[in-house]
Amino acid sequence: MNIVSKIKNKTFTTAAGAALHYLEKDPETNIPRVMELMDRFTPEGWYEGQRSAFRTAIDEKNNWYQLILRFYELDPGVRKAFFNNFVVNASLKGSALQDETKEKEDCNVPWAILLDPTSACNLHCTGCWAAEYGHKQSLDLETIDRIVREGKALGTYMYIYTGGEPLVRKKDLITLCERHPDCEFLSFTNGTLIDEAFCQDMLRVRNFVPAISLEGFEKANDSRRGEGVYEKVRTAMRLLKEHHLPFGISTCYTSANFEDISSEEFYDMIIEAGALFIWFFHYMPVGNGAVSELLPNPGQREEMYRRIRHFRETKPIFGMDFQNDGEFVGGCIAGGRNYLHINAAGDVEPCVFIHYSNANIHDTSLLDALKSPIFMAYHDEQPFNENMLRPCPMLENPEKLRVMVKQTGAKSTDLQSPEAVDHLCDKCGPYADNWRETAQTLWEESQREKQKSL
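What counts and what doesn't
Residues numbered from 1 in each chain as written. Predicted model: local features only at pLDDT ≥ 70, side-chain atom pairs only at ≥ 80, totals over all residues. Heavy atoms only, no water. Core = buried A, V, L, I, M, F, W, Y, C linked by side-chain atoms within 4.5 Å. Buried < 20%, exposed > 50% of the residue type's maximum accessible area, 1.4 Å probe, protein only. Helix = DSSP H or I, 4+ residues; strand = E, 2+ residues; numbered from the N terminus. Contact = heavy atoms within 4.5 Å. Phe/Tyr/Trp six-rings, centres within 6.5 Å; stacked < 30°, edge-to-face > 60°. Polar contact = N/O pair within 3.5 Å; in protein donor to acceptor, adjacent residues only side chain to side chain. Disulfide = S-S within 2.5 Å. Axes fitted to C-alpha atoms, helices over the stretch in contact; angles between N-to-C directions. Parallel < 35°, antiparallel > 145°, perpendicular 65-115°, else oblique. Left-handed = near helix turned anticlockwise from the far one by under 90°.

A word on the nonpolar core. The biggest cluster of nonpolar side chains holds 118 residues, and the ones touching the most others in it are Met394 and Leu401. Of all the elements, helix α18 (residues 421-453) adds the most residues to this core, at 9 residues. If we skip the residues at most four places from it in the chain, methionine 394 touches Met284, Val286, Phe353, Ile354, Leu401, Leu424 and Cys428.

Have a look at this one:
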């Protein structure tokens, strides 16, 4: 890490640590004063955007202020670990080391690594890309541990489990939390395996956060996930809230459920249940058995875009739209630019939705995988579209993925039914064509609003 980065990190970390200690004494009284402390420690211009957003929330006592207060309902030890691991290690110290590594190695370095501890799952949900993978693969404990160690050397302190159902491997996931107390671990989970004993483990290790899959209210959810799953999820959320543990919701919007999951009633329900964040994912037609009819039409996607942004300004929950928030992150974040995915067989993939690879983690280091042909193609081609509402090289720009896969010789990593890139991209072509006009209108509208605010 260069000297400027070290000074910057040390200065801001000191300020952030002092602010956290100050807030712990009496958060509601001290929150309005905390920016004075931060400004005293932090030179003018450093992290100004983040500091400005906090000032606005504090001055207006808006929904973001209410979200800050909700964090003080969490277990104090868990809250402190989250602050140190997510804010300081992953977002400050880690980002500086990532930038240095990117420059030195001339490749992408991810802020987060997604990996599948197992392909096994106790459910079989309609339209789940993981369902295409089969149920016989897993990454052993020592392999995952090596991935985390190599990741930290590059500056990556955020690890996200996908699957399969990661909680099939509860014991190993807790062991990894114990081995790496400086990292934050988040897991997408169907929630049905969260019980009292696991809540106690989470309280003990302090650095594990579930993101529970929920597809709407009971009818919409169980039509995709199976009868009785909704009630099991409600039970899991109740347990987590009672133990003052952080969790969020992960939901995939489709042509069938977008009304449910973007409604005010749904937001209010998950907030009342204790969720602190919600990640929205666009349905992807991945796999030979994908149901293309579940793809939202342009009007439905536009409605999701508008509703999520509205509730982001009015509800005390952090909402992220994986497909429509490209303007905030510079387009596609895959290919190691901000994240990558390692499946249960060890294949290192550019994206959790794009199953093509030249490298397997059992045969190569993490850094060498980031320099493999398909990853370097991402590195060289991003962003894939100047319109950040068309960020994806598969869904909105399928011609880009088709060329990259063929030119790099990347192979399908689908463990059950390999899908040719032409088959996948042909499914996405009509969707991309239909979305183009709406995306352009929304993008121009967004840019006009941005100019007004300057």
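Per the counting criterion, the structure on display carries 19 aromatic pairs. Plain terms: the ring middles of phenylalanine 188 and tryptophan 279 are 5.3 Å apart, the flat faces sit at 50 degrees to each other, and that makes the pair tilted. A residue pair is termed long-range when its members are at least 10 positions apart, and phenylalanine 188 in strand β3 (residues 184-189) and tryptophan 279 in strand β6 (residues 277-282) qualify at 91 residues. Of the residues examined, phenylalanine 188 reaches a relative accessible area of 13% and is grouped as buried. Counting every residue linked through ring pairs, the aromatic cluster contains Phe188, Phe277, Trp279, Phe281, Phe322, Tyr339 and Phe353.

All right, on to the environment of tyrosine 356 then. Within the secondary structure, tyrosine 356 is located in strand β10 (residues 356-357). Note on tyrosine 356: relative accessible area 4%, which makes it buried. Sequence spacing of tyrosine 356 and lysine 411 is 55 residues, and the spatial spacing of their C-alpha atoms is 5.1 Å. Here glutamate 419 takes part through its backbone oxygen, which lies 2.8 Å from a polar atom of the side chain of tyrosine 356.

Looking now at the side chain of threonine 192. If you trace the backbone, threonine 192 turns up in the loop between β3 and α8 (196-205). Given a relative accessible area of 19%, threonine 192 falls into the buried group. In terms of polar contacts, threonine 192 uses its side chain to reach the side chain of asparagine 190, at 2.6 Å. The contact partners of threonine 192, leaving out residues within four places of it in the chain, are Asn122, Val229 and Lys232.

Enumeration over the complete set of coordinates arrives at 0 disulfides. With no disulfide of its own, cysteine 332 lies 6.3 Å from the sulfur of cysteine 392, the closest cysteine sulfur. When its relative accessible area of 9% is taken as the criterion, cysteine 332 is described as buried.

Interhelical geometry of helix α17 (residues 398-408) versus α18 gives an angle of 165 degrees and a closest axis separation of 8 Å. Judged by the inter-axis angle, α17 sits roughly antiparallel to α18. Between α17 and α18 lies a crossing of left-handed hand. Every residue of α18 that contacts α17 at Pro398, Leu401, Arg402, Val405 and Lys406 is listed here: Val421, Asp422, Leu424, Cys425, Asp426, Cys428, Gly429 and Ala432.

Take unusual backbone geometry next. Here the amide bond leading from glycine 163 into glycine 164 is cis, since omega sits at 15 degrees, within 30 degrees of zero. Along the chain, glycine 164 turns up in the loop between β2 (158-161) and α7 (170-179). Look at the link from glutamine 382 to proline 383: it is a cis peptide, with omega at -5 degrees. Relative to the elements of secondary structure, proline 383 occurs in the loop between α16 (373-381) and α17.

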